[in-house]
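Notes for the structure review
The primary structure of each chain is shown beneath.
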Amino acid sequence: VVRDGPSSDMAAAPQGYRLRDLVSRFGGELIGDGEVVIRQVAPLDAAGPDSLSFLARADYQHQLLSTRAVAVLLPASHRDATAIARVVCGNPYAYFARVSQLLNPVPVVAPGTDPRAIVHPGAIVPASCQIGPFVVIEDGAVLGERVVVGAHGYIGERTAVGDDSRLNPGVTIYRDCRIGRRALVHSGAVIGADGFGFAQEGGNWIKIPQVGRAVIGDDVEIGANTTVDRGAMADTVIEDGVKLDNQIQVGHNVRIGAHSAIAGCVAIAGSAKIGKHVQIGGSALISGHITITDRVTISGSTVVSKSISRPGRYTGILPFYEHAAWLRAGVHLRQIDDLMRRLKRLEAELRTKVREDDKT
Amino acid sequence: VVRDGPSSDMAAAPQGYRLRDLVSRFGGELIGDGEVVIRQVAPLDAAGPDSLSFLARADYQHQLLSTRAVAVLLPASHRDATAIARVVCGNPYAYFARVSQLLNPVPVVAPGTDPRAIVHPGAIVPASCQIGPFVVIEDGAVLGERVVVGAHGYIGERTAVGDDSRLNPGVTIYRDCRIGRRALVHSGAVIGADGFGFAQEGGNWIKIPQVGRAVIGDDVEIGANTTVDRGAMADTVIEDGVKLDNQIQVGHNVRIGAHSAIAGCVAIAGSAKIGKHVQIGGSALISGHITITDRVTISGSTVVSKSISRPGRYTGILPFYEHAAWLRAGVHLRQIDDLMRRLKRLEAELRTKVREDDKT
Amino acid sequence: VVRDGPSSDMAAAPQGYRLRDLVSRFGGELIGDGEVVIRQVAPLDAAGPDSLSFLARADYQHQLLSTRAVAVLLPASHRDATAIARVVCGNPYAYFARVSQLLNPVPVVAPGTDPRAIVHPGAIVPASCQIGPFVVIEDGAVLGERVVVGAHGYIGERTAVGDDSRLNPGVTIYRDCRIGRRALVHSGAVIGADGFGFAQEGGNWIKIPQVGRAVIGDDVEIGANTTVDRGAMADTVIEDGVKLDNQIQVGHNVRIGAHSAIAGCVAIAGSAKIGKHVQIGGSALISGHITITDRVTISGSTVVSKSISRPGRYTGILPFYEHAAWLRAGVHLRQIDDLMRRLKRLEAELRTKVREDDKT
């Protein structure tokens, strides 16, 4: 059941899975017709008659009435909210993800090295790997089993990539880095480039050699054009299960704790330490040398300029205005110091006034 | 009249165009000597004696006095603001753009496939295309007429690129995407990488297969290192005439309406819907799942955290301070809730005071 | 003394340098045992018994007590703060950088052109250059002596790269650009792509040909996936000694003055002029057409929306809040205009009240 046609016509997989079989595989309570055949997954409002859909949040409940899905995944709270075939389960969205992985598997690894790839004799590339055209693998590099290196990939000297990792076309990994197992790295990602480290002397910048590594754990996804710098003297470390979106910049000596997820265009300055299960919204800036504890959520575009030691959600976004209103507001924002001073003076004056009046 | 020398010496094209001939071609009212020869275009203050210049805004009018340009483009309001040869026209800047395109044409397509490119036998690449060295075009890809794929380009399975599109060196397009006609895509752009979609289960992230496509209309320009993710279940869509600057991130299932223009480093989170003729300044963040109506302008660095249903310009930028002043202001910005509370109390106290005094 | 093993095991260079010899080479006052052998540099808290460390800031002084370093670099103020071998010098951090460069030299250039590179017969590539596999060097390009172009590099027509410059794998430089001597350009950088220039006409965008160049001075470092656009009509200029981190966007016609340093993800809009010795923190936005004078420091994430004519540090960062507090604060930030109005009214009312009371 490989499905790789264009999605817009929602082409059904040539054969599908009976709902009953999905329940055998993934669990949950089946209610209704277990013989219906599932060929694709889709949101409630986009599902076709061969699709399994899901209710992840109660506010989409009204879509249950109009969906064309042949079956749905529901939490126990909504088990009777529809008459169509359904599976009641603890986490419909995760269940849906697993069914989608079954229906839309990653391409099978096609072992072999393209004749137009260059693999240094001193590199270790198992026969189970798939090495694309124009790939360069340097001396001492070590690939695990079933690693896929897409066209134009570059793997530097002594860099290691773990079993079942997949580098899409055009990924560059500098020398002496470590990528764990089951990584998925998207095109244009650059791992292990020099961190930004200079000493100042008489107005000139003297480069500090960046001799640390980039060390990346298992089950990490790295988005397109994301950059992860090598460490200056110690390593830059990304722990297991971290998910990085596109165009993220990870500075030297940063550590990102396991299972954290970071959205696009976030910049993480050097030596920042980010805990486990942290979530960071798009375009946020994490300042250098700060620490964020586990289970913190940072809203998009927020500047984390000091450490956070308590789990929770943190936000620092200036609301937006119609431009004319902002022109006025901007003046006041600039003058907030003055505003506060005047408020204090008013408080004092009123207090004085009241006191004087009381005397009279 | 091909001009491709370095610009700093403003080398004249070997031959030029008489002003009279430009007016025949592009219209406008010619005043003065139509025989002057134009070899280049330039701003008023940088123009040489072979250059055509233009007055786009009245506040540059004083530069008309000192310009070395041999001719200028003027709006009707300024038809007599200079004695040099001139063309009066409705939109001098657009007129100037057209003349510049004539004087600085894109390189002619040189049909043929470099022997070091790899074109899968199952791909369709017309003889009129120019395919550079080390390009990879996968099975089922379909190129239109006169498509240019620069060195190191990658076009995935079943992806289609329309007539007269030009991919500069190092562009990567994943499988099953659609690029329209007359696209210009700059180096390092990645189109169709996976969107950022995961379900959470017991602290782990479960990947949701990204089975939608990236579908891009006609006459779209995509800047260097910009990323446009494929859709999760439906498609990511960029409509006709959209212009994207460098290093923009377009998340999955985003739609960008026709003729919108977006400046560098903007991040557009998943499922955002952006209208037609929208302009977005650099480094802005558009939150996920919001809608921006047509003809909205967003200032640079503004965070659009909720939908905008009325055309107009919107801004949310914190002004900057000298650092010492910001240290004080920052405290007050953090305490604005307290500031407001104290203001309310003062208002109440003063009101009470007045009322009491009135009684006495 | 080449050291290129992984850093985590802090493998010592096969042979090292006696402290005495380092002092002969780099100066400073030697105190203690000059025979100790230095094989690596490291921070005080990570140093091993073959390492030289340094005290750059007084607040790390306590680490002198516990460090395992065999020698340290100290300012005169701390000459007696430890008993271990030491070098007293004016700028310990810069001294440390120089020692690290000695211990961790860049790889020696291996002259020669890989047979799978394509060098146009009309390009000039001295025999001292190292040209990697799958590199493309176009007609008229001119390389200086000992230039390294890593795998998958692309150098466009008539572009020049100065002596001893090093382009890591996957760098793209468009036609007609200039890179100075001793440049270090990281993977994924794109130099000379079109600036973002369009004229508007009837709702459509008309492209303005970008005929300027990108001109980059000597001793410039350009980070991974950074983009430097070519000029529209004049050039984009980056002066000597500038250091650019990763994922920076430099728009057309920008000028960056000598020895300025810019951190990751900064966006510099078109025609901005940045002075010499300027430092810009990560994710800042520099608006178009503004001027920043010499020796200005901009904090991360600050939006520089107008020119700065006085040296100093400037900041515009909204502090972050716990999310619940921000929800309240955000309302007040939006209403700051109202807040100011109410404050003014209060001031007036109190003034009136006092005046009236004084009359009675």
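As the structure is a computational prediction, the values presented were derived from the model and not from experiment.

Attention now goes to the interface of chain C and chain A. Facing the 73 residues of chain C at the interface are 77 residues of chain A. For the pair chain C and chain A, the interface holds six salt bridges. Here Arg310 of chain A ties to Glu322 of chain C by a salt bridge, and the two come within 2.3 Å at their closest N and O atoms. Inspection of the region where chain C meets chain A yields 29 residue pairs in polar contact (both at pLDDT 80 or more). Secondary-structure elements contributing two or more residues to the side of chain C that touches chain A are helix 3 (92-103), strand 27 (243-244), strand 30 (261-262), strand 39 (321-322), helix 4 (323-334) and helix 5 (336-359) of chain C. For the side of chain C that touches chain A, the element with the most residues is helix 5 of chain C, which contributes twelve residues. Residue composition of the side of chain C that touches chain A, by class: 34 nonpolar, 25 polar and 14 charged. Pairing of strand 38 (residues 312-315) of chain A with strand 39 of chain C, which is carried by two bridges, proceeds in the antiparallel orientation. Each bridged residue has a counterpart across the sheet, and for Thr315 of chain A the counterpart in strand 39 of chain C is Tyr321 of chain C.

Looking now at the interface of chain B and chain C. Contact residues are listed per partner, giving 74 residues for chain B and 77 residues for chain C. Between chain B and chain C lies a buried interface of about 6300 Å² when both sides are counted; carbon and sulfur atoms form 64% of it. There are six salt bridges connecting chain B and chain C. With a closest N to O distance of 2.4 Å, Asp357 of chain B and Lys353 of chain C form a salt bridge.

The next thing to look at is the sheet that holds strand 6 (residues 71-74) of chain A. Residue and element names in this part refer to chain A. The strand order across the open sheet built from five strands is 2-7-6-5-4, with neighbouring strands paired in mixed fashion. The sheet is open, and its two edges are formed by strand 2 (29-31) and strand 4 (40-41), each paired on a single side. Each of strand 2, strand 5 (51-54), strand 6 and strand 7 (85-88) is contacted by helix 1 (residues 19-26), which is oriented at about 5 degrees to strand 7, the strand it contacts most.

Here we come to the environment of Ala127 of chain A. All names here are of chain A. Mapped onto the fold, Ala127 is located in the loop between strand 9 (118-119) and strand 10 (130-131). Overall, the relative accessible area of 71% leaves Ala127 in the exposed class. For the pair Ala127 and Asn104, spaced 23 residues apart in sequence, the C-alpha separation works out to 26 Å. With residues up to four places along the chain from it excluded, the contact list for Ala127 reads Pro111 and Gly112.

With an RMSD of 0.1 Å, chain B superimposes on chain C once it is rotated by 120 degrees and translated 0.0 Å along the axis. Both chain copies can therefore be described as sitting about a three-fold axis.

What follows concerns the packing of helix 1 (residues 19-26) of chain C against helix 3 of chain C. Residues and elements named next belong to chain C. Axis separation between helix 1 and helix 3 bottoms out at 11 Å; the angle between their running directions is 115 degrees. Considering the angle they form, helix 1 stands roughly perpendicular to helix 3. The hand of the helix 1/helix 3 crossing is right-handed. Note on element contacts: helix 3 touches helix 1 through Tyr95, Arg98, Val99 and Leu102, opposite Leu22, Val23, Arg25 and Phe26. Partitioning the contact of helix 1 with helix 3 into residue classes produces six nonpolar, no polar and two charged.

Residue and element names in this part refer to chain B. Despite not being glycine, Phe134 shows a phi value in the positive range, around 65 degrees. Position of Phe134 among the secondary structure elements: in the loop between strand 10 (130-131) and strand 11 (136-137). The exposure class assigned to Phe134 is buried, which follows from its relative accessible area of 3%.

On inspection of all chains with the given rule, the structure shows 79 salt bridges over all chains. With a shortest N-O distance of 2.6 Å, Asp219 of chain C and Arg182 of chain C are connected by a salt bridge. Pair noted here: Asp219 of chain C is in the loop between strand 23 (214-216) and strand 24 (221-222) and Arg182 of chain C is in the loop between strand 18 (178-179) and strand 19 (184-185), with a separation of 37 residues, a long-range link. Since its relative accessible area comes to 28%, Asp219 of chain C is described here as partly exposed. Salt bridges sharing common partners tie together Glu347 of chain A, Asp337, Asp338, Arg341 and Arg342 of chain B together with Arg328 of chain C.

Residues and elements named next belong to chain A. Of all the residues in helix 1, the buried ones are Leu19, Leu22 and Val23. Angular distribution of buried residues about the axis of helix 1 spans 100 degrees; they occupy a single face of the element. Seen from the open side of helix 1, the exposed residues pointing more than 90 degrees away from its buried face are Ser24 and Arg25. At the C-terminal side of helix 1, Gly27 shows a positive phi close to 85 degrees.

The next point concerns the confidence of the model for chain A. Per-chain confidence: chain A averages 94 in pLDDT, with 96% of residues scoring 70 or above. Here residues 1-12 of chain A scores under 50 on pLDDT; set against residues more than four positions off or in separate chains, the count is 35 contacts.

Here we come to the side chain of Asn168 of chain B. Turning to its location among the elements, Asn168 of chain B is positioned in the loop between strand 16 (166-167) and strand 17 (172-173). For Asn168 of chain B, a relative accessible area of 14% translates into the label buried. A polar contact is formed between the side chain of Asn168 of chain B and the side chain of Tyr174 of chain C, at a distance of 3.2 Å. When near neighbours in sequence (up to four residues on either side) are disregarded, Asn168 of chain B contacts Gly150, Leu184, Val185, His186 and Ser187 of chain B together with Tyr174 of chain C.

Note on placement: Ser299 of chain A falls in the loop between strand 36 (296-298) and strand 37 (303-304). A distance of 2.6 Å separates a polar atom in the side chain of Ser299 of chain A from a polar atom in the side chain of Thr315 of chain A. Apart from the residues lying within four places of it in its own chain, the contact partners of Ser299 of chain A are Gly281, Ala284, Arg313, Tyr314, Thr315 and Ile317 of chain A together with His323 of chain C.

On the secondary structure map, Pro133 of chain C appears in the loop between strand 10 (130-131) and strand 11 (136-137). As a C-alpha pair, Pro133 of chain C and Ala324 of chain C span 191 residues in sequence and 55 Å in three-dimensional space. Residues in contact with Pro133 of chain C, not counting those within four places in the same chain, are Ile118 and Val136 of chain A together with Asp114, Arg116, Ala151 and His152 of chain C.

With that out of the way, let us pick up the pairing of strand 6 (residues 71-74) of chain B. All names here are of chain B. Residues Ala71 and Leu73 point to one face of strand 6 and Val72 and Leu74 to the other, with burial holding for every one of them. Judged from the four bridges that link them, strand 6 and strand 7 (residues 85-88) form a sheet pairing that is parallel. The residue of strand 7 that forms the bridge with Val72 is Arg86.

A cluster of basic residues, Arg351, Arg355 and Lys359 of chain B together with Arg345 of chain C, forms a positive patch at the surface. Of the residues forming the positive patch, the biggest block, three residues, is contributed by helix 5 (residues 336-359) of chain B. Note on placement: Arg355 of chain B falls in helix 5.

A separate point is the sheet that holds strand 28 (residues 249-250) of chain C. Residues and elements named next belong to chain C. Ordered in space as 9-11-14-17-20-25-28-31-34-37, the ten strands form an open sheet in which the pairing is parallel. With partners counted over all chains shown, the strands left at the sheet margins are strand 9 (118-119) and strand 37 (303-304), one partner each. As defined by bridge partners, strand 11 adjoins strand 14 (residues 154-155) across two bridges and the pair is classed as parallel. Paired with Val136 across the two strands is Tyr154, which belongs to strand 14.

Summed over the entire model, instances satisfying the criterion amount to 24 aromatic pairs over all chains. Aromatic side chains Phe54 of chain C and Tyr93 of chain C sit 5.3 Å apart centroid to centroid with 35 degrees between the ring planes, which places their arrangement in the tilted category. Taken together, the residues span a long stretch of sequence, with Phe54 of chain C in strand 5 (residues 51-54) and Tyr93 of chain C in helix 3 at a distance of 39 residues. Ring geometry for Phe196 of chain C versus Phe198 of chain C: centroids 5.2 Å apart, planes at 80 degrees, classification edge-to-face. Under the relative-accessibility criterion, Phe196 of chain C is labelled partly exposed at 22%. We classify Phe198 of chain C as buried; its relative accessible area is 11%. Members of the aromatic cluster, connected to one another through ring pairs, are Phe54, Tyr93 and Phe96 of chain A.

What counts and what doesn't
Residues numbered from 1 in each chain as written. Chains lettered and ligands numbered in written order. Predicted model: local features only at pLDDT ≥ 70, side-chain atom pairs only at ≥ 80, totals over all residues. Heavy atoms only, no water. Contact = heavy atoms within 4.5 Å. Salt bridge = Lys/Arg side-chain N within 4 Å of Asp/Glu carboxyl O. Polar contact = N/O pair within 3.5 Å; in protein donor to acceptor, adjacent residues only side chain to side chain. Helix = DSSP H or I, 4+ residues; strand = E, 2+ residues; numbered from the N terminus. Nonpolar A, V, L, I, M, F, W, Y, C, P; charged D, E, K, R; others polar. Pairing = 2+ DSSP bridges. Buried area = accessible area lost by both parts, 1.4 Å probe. Axes fitted to C-alpha atoms, helices over the stretch in contact; angles between N-to-C directions. Buried < 20%, exposed > 50% of the residue type's maximum accessible area, 1.4 Å probe, protein only. Least-squares fit on C-alpha atoms with pLDDT ≥ 70 in both. Parallel < 35°, antiparallel > 145°, perpendicular 65-115°, else oblique. Left-handed = near helix turned anticlockwise from the far one by under 90°. Arc of directions from axis to C-beta. pLDDT = per-residue confidence, 0-100. Patch = residues over 30% accessible without salt bridge, like charges linked within 9 Å, V, L, I, M, F, W, Y side chains within 5 Å. Areas by Shrake-Rupley, 256 points an atom, 1.4 Å probe, with all protein chains shown as cover. Lys, Arg positive; Asp, Glu negative; His and termini not counted. Charge placed at Lys NZ, Arg CZ, Asp CG, Glu CD. Phe/Tyr/Trp six-rings, centres within 6.5 Å; stacked < 30°, edge-to-face > 60°.

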